[in-house]
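Here is what each chain is made of, one letter per residue.
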Amino acid sequence: MNESIHTNPAIRWIFFDVGSTLVDEEKAYKHRIRDMIQGTSVTFEQVWDKRIQYAKAGYNGDQKAIEYFALNKTPWHSEDEVPFPDCEQTLAALCEQGCRLGIIANQEPGARERLDAWGLGRYFLVIASSAELGSAKPDPAIFRWALEQAGCTPDHAVMVGDRLDNDIRPAKELGMKTIRIRKGLAVYMRPSCPAEVPDFTVDSLSEILSIPCLIEELL
């Protein structure tokens, strides 16, 4: 049961989301909330709790909380993002096993530069970033573009992400295998339809290394 993904020729590529998948965004979210509530009577705790409440109800918790309190959405502080502790070692291990890795993510301009700054860019052969492509998840166009660049059909690819609506559903509807990572606000989401039920669920990136044999059985 120690077989790896690359031993099955059906799995050729693994694509990752970035926020709350490869990198921890909590500090950045807290920074933006503090920026947004400046000069208002709204408290940090009110916004934080409301975003969780909306996420549990199946909504985009951040956006709905901003709308609920009529706040102005302030710039995102990407400098506050940090890779999860097991991120690089997991990516390195997958590459050593012969996996080819890519990114499919809704990102501000400069995704490649940020990945390079974190020391992660060298692991990714394809980077599909919404800011550069003009197409954002859950639009299947960004997934199709990444697959085309990889020369890979959906049934030969896996998508790893935190969001059921943005990552799991569009990937499954295209025919990709899916791994949900329970991180960030999306940890409160529950599947709203069969397409949002991931093939596998993990709580950390390093857990991916323990499930290749399951992927092989699934295929």
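Residues numbered from 1 in each chain as written. Predicted model: local features only at pLDDT ≥ 70, side-chain atom pairs only at ≥ 80, totals over all residues. Heavy atoms only, no water.

**Looking at the pairing of strand β6 (residues 157-161)**
Summarising burial for β6: five of the five residues are buried, a large majority. Residue alternation in β6 divides its side chains into two sets, A157, M159 and G161 and V158 and V160, and both sets are buried. Alignment of strand β1 (residues 13-16) against β6, held across four bridges, turns out to be parallel. Counted as the bridge partner of F16 is V160 from β6. (Buried < 20%, exposed > 50% of the residue type's maximum accessible area, 1.4 Å probe, protein only. Helix = DSSP H or I, 4+ residues; strand = E, 2+ residues; numbered from the N terminus. Pairing = 2+ DSSP bridges.)

**A few points about the pairing of strand β5 (residues 124-129)**
In terms of residue burial, β5 counts as a mostly covered element, since five of its six residues are buried. Here five bridges tie strand β4 (residues 100-105) to β5, and the two strands are oriented parallel to one another. Each bridged residue has a counterpart across the sheet, and for L101 the counterpart in β5 is F124. For the crossover that starts at β4, traverses helix α5 (residues 111-117) and ends in the parallel β5, the hand is right-handed. (Right-handed = clockwise from strand over helix to strand, strands pointing away.)

**Details of the nonpolar core**
Counting 28 residues, the largest nonpolar core has F16, L22, L91, L101, I103 and F124 as the members making the most contacts within it. Of all the secondary-structure elements, those providing two or more residues to this core are β1, α4 (87-96), β4, β5, β6, β7 (177-181) and β8 (200-202). The element contributing the most residues to this core is α4, with four residues. I37, F44, W48 and L71 belong to the second largest nonpolar core, which has 17 residues in total. (Core = buried A, V, L, I, M, F, W, Y, C linked by side-chain atoms within 4.5 Å.)

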